[in-house]
Amino acid sequence: MVNQESVNCEQVWRAISSYLEGDVDAGLRAAMDAHFRTCARCKSVLEGTRNVIRLYGDERMIEVPSGFGRRLERRLARSGRVRSRWATWSSWMVPVAAMLVMAGGLKVASSRTVLHPLMSAHAQPGHGIPPDMIVVVSADAKEFHVPGCPFIHNKNKERTMTATEAQREGYVPCVRCMRKYLEVAAAGHTEAGPEVSADADGD
Amino acid sequence: MAQPNVVLNNPGMTREQELIAQAQRGQNELFYELVRPYERRVYAAALAILRNESDAEDVAQEAMLKALANIRQFRAEARFSTWLIQITVNEALMRRRRERNAVMEGIDDRRDEEGEYTPRDFADWREIPSEALERKEVRQKLAEALASLDRKYREVFVLRDMEQLNIQETAEALGISIASVKTRLLRARLMLRDLLAGGWEQGWFSRLPFEKGTKPW
């Protein structure tokens, strides 16, 4: 603790910055005030330091290069808004997109039919085929058919199953008989009736 | 002041608060109007750390963009100017760390913090009127004196005495203790006083056009 009665020059210099900040206790302040009244050197240090603070604190001391404001405004206009939108967009779109990809993956994995996730529903093989429709497959071929289709190979090795089972086993619809069947069904002229509208992956 | 393109939907707000609220809602069109009053201070903060005008300008722009991108994190209890300057200081410090010469400055930075600083010049000072700053010569001398300080003194001095951050804000912006800010600030002020005392004696402070009967002090 500084003795109020006797504060020397070194003590004044050490505290002069805090003194100017108003950050010294009352005792030290009084001792310093007394010192300044008698010590010209410390008075000089005080006045000089005060000048330094006041002059450098003046707005005019800050000079910016010519055109600074214009260039800043241009950059904000050019990339500021874009970046800001990107930041806003990315903050929620990235997790949402990740969730969509995961959900899509789960859906594909859990589906009983093997579907290409990037194809439109209308482009999926077998779209619109009733899942429990009875179809015919044959050994050594990759397609399933409406019973009686003239394009069935190896008719002696035919097997009958539902459309869903056929697709699960990796068979794809015969482009001839199945397409014709679906066209007729869509026109409402077949016994398949309203079932035709159900998606193969609708379960 | 005419504000034709802004609907002031809360008359209790200052213009600055209104602009901040707009930016926080994603309406960024008037962001430049919000930061414009502080662009000079932002630049000065960057320059104090980087000492290179083009780097300082680039960092000042980056800091403004960062402020725009993070405007929702700004809390009303802080001063907007302080928040901007803290972002700027952070950007500038990161930029300097990436540069090679940071290593050399870092070595220079470690010495001589604890020693007492003794004023060297006791010439009689009177109050220098701020009109002195109208003269480019005076501003230049002051800028040169500031530039000659060691980095750690210059940074603290600029943030506290030019940017008007308080001691605590200065400490937080630079990542140093409050005690260090006080020590460095004292030394910076005393060193500048000594550097400028020569100017006082040589008369470049006092050669001012005050003949017309107005005595400034």
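Heads up: these notes are all about the structure in this document.

About the thresholds
Residues numbered from 1 in each chain as written. Chains lettered and ligands numbered in written order. Predicted model: local features only at pLDDT ≥ 70, side-chain atom pairs only at ≥ 80, totals over all residues. Heavy atoms only, no water. Helix = DSSP H or I, 4+ residues; strand = E, 2+ residues; numbered from the N terminus. Buried < 20%, exposed > 50% of the residue type's maximum accessible area, 1.4 Å probe, protein only. Contact = heavy atoms within 4.5 Å. Expected span 1.5 Å × (residues − 1). Arc of directions from axis to C-beta. Phe/Tyr/Trp six-rings, centres within 6.5 Å; stacked < 30°, edge-to-face > 60°. Lys NZ or Arg CZ within 6 Å of the ring centre and 35° of its normal. 1 Å grid on protein atoms, 1.4 Å probe; cavity = no way out; pocket = protein on both sides within 12 Å on 5 of 7 lines; lining within 4 Å. Points joined across faces, edges and corners; volume = space filled by probe spheres on them. Nonpolar A, V, L, I, M, F, W, Y, C, P; charged D, E, K, R; others polar. Axes fitted to C-alpha atoms, helices over the stretch in contact; angles between N-to-C directions. Parallel < 35°, antiparallel > 145°, perpendicular 65-115°, else oblique. Left-handed = near helix turned anticlockwise from the far one by under 90°. Buried area = accessible area lost by both parts, 1.4 Å probe. Salt bridge = Lys/Arg side-chain N within 4 Å of Asp/Glu carboxyl O. Polar contact = N/O pair within 3.5 Å; in protein donor to acceptor, adjacent residues only side chain to side chain. Core = buried A, V, L, I, M, F, W, Y, C linked by side-chain atoms within 4.5 Å.

Take the overall build of chain B next. Across its full length, chain B holds 10 helices and zero strands. Listing each helix as α and each strand as β along chain B from the N terminus yields α-α-α-α-α-α-α-α-α-α. Taken over 217 residues, chain B has a buried fraction of 53%. Within chain B, residue pairs in contact and separated by at least 24 positions form 68% of the contacts whose partners lie at least 6 positions apart.

To continue, consider helix α7 (residues 136-147) of chain B. Residues and elements named next belong to chain B. Here α7 spans 16 Å end to end across 12 residues, near enough to the 16 Å set by a 1.5 Å rise per residue. The set of residues buried in α7 consists of Val-138, Arg-139, Leu-142, Ala-145 and Leu-146. Down the axis of α7, the smallest arc covering the buried residues is 125 degrees, so these residues share one side.

So, on to the packing of aromatic side chains. Scanning the entire structure with this criterion turns up seven aromatic pairs over all chains. Where Phe-74 of chain B meets Phe-80 of chain B, the ring centres are 5.4 Å apart and the plane angle is 85 degrees; that geometry is what we call edge-to-face. In this pair, the class of Phe-74 of chain B matches that of Phe-80 of chain B, namely buried. Ring centres 5.8 Å apart and planes at 35 degrees place the aromatic pair Phe-80 of chain B and Trp-83 of chain B in the tilted group. Highlighted residues: Phe-80 of chain B and Trp-83 of chain B, both in helix α5 (residues 80-98), separated by three residues, approximately one helical turn. Through successive ring pairs, a cluster of aromatic residues spans Tyr-38, Phe-74, Phe-80 and Trp-83 of chain B. The lysine or arginine in question, Arg-29 of chain A, covers the ring of Tyr-19 of chain A, its NZ or CZ lying 4.3 Å from the ring centre.

Here we take up the layout of surface pockets. Residue and element names in this part refer to chain B. By volume, the largest pocket is sized at about 590 Å³. Secondary structure elements with two or more residues in the lining of the largest pocket: α3 (39-50), α7 and α8 (151-162). Among the elements that make up the lining of the largest pocket, the one with the highest residue count is α7 (seven residues). Looking at the lining of the largest pocket residue by residue, the classes come out as 13 nonpolar, two polar and eight charged.

Quick look at the packing of helix α1 (residues 9-21) of chain A against helix α3 (residues 40-56) of chain A now. Residues and elements named next belong to chain A. One way to put it is that α1 packs onto α3 with a least axis distance of 10 Å and a crossing angle of 25 degrees. In terms of axis orientation, α1 runs roughly parallel to α3. You can see that α1 and α3 cross each other, and the crossing is right-handed. In this structure, α1 contributes Cys-9, Val-12, Trp-13, Ile-16, Tyr-19 and Leu-20 to the contact, and α3 contributes Arg-41, Cys-42, Val-45, Leu-46, Thr-49, Arg-50 and Ile-53. A per-class count over the contact of α1 with α3 returns 10 nonpolar, one polar and two charged.

What follows covers the interface of chain A and chain B. Counting residues at the interface gives 40 residues for chain A and 55 residues for chain B. Carbon and sulfur atoms supply 61% of the area that chain A and chain B bury against each other, a total of about 4700 Å² over both sides. Counting across the interface, chain A meets chain B through nine salt bridges. The partner of Arg-75 of chain A in a salt bridge is Asp-58 of chain B, and the shortest N-O contact between them spans 3.0 Å. Where chain A meets chain B, there are 15 residue pairs in polar contact (both at pLDDT 80 or more). Of all elements in the fold, only α1, α3 and α4 (68-110) of chain A reach the threshold of two or more residues within the side of chain A that touches chain B. A per-element tally of the side of chain A that touches chain B places α4 of chain A first, with 13 residues.

Counting residues in each nonpolar core, the largest one holds 89 residues, and the members touching the most others are Tyr-56 and Leu-76 of chain A together with Phe-31, Phe-80, Val-89 and Phe-157 of chain B. Ignoring any residue separated from it by four or fewer positions in sequence, one finds Val-89 of chain B in contact with Ala-45, Ile-49, Leu-159, Ala-173 and Leu-174 of chain B. Counting 18 residues, the second largest nonpolar core, distinct from the first, contains Ile-129, Val-136, Met-161 and Ala-163 of chain A.

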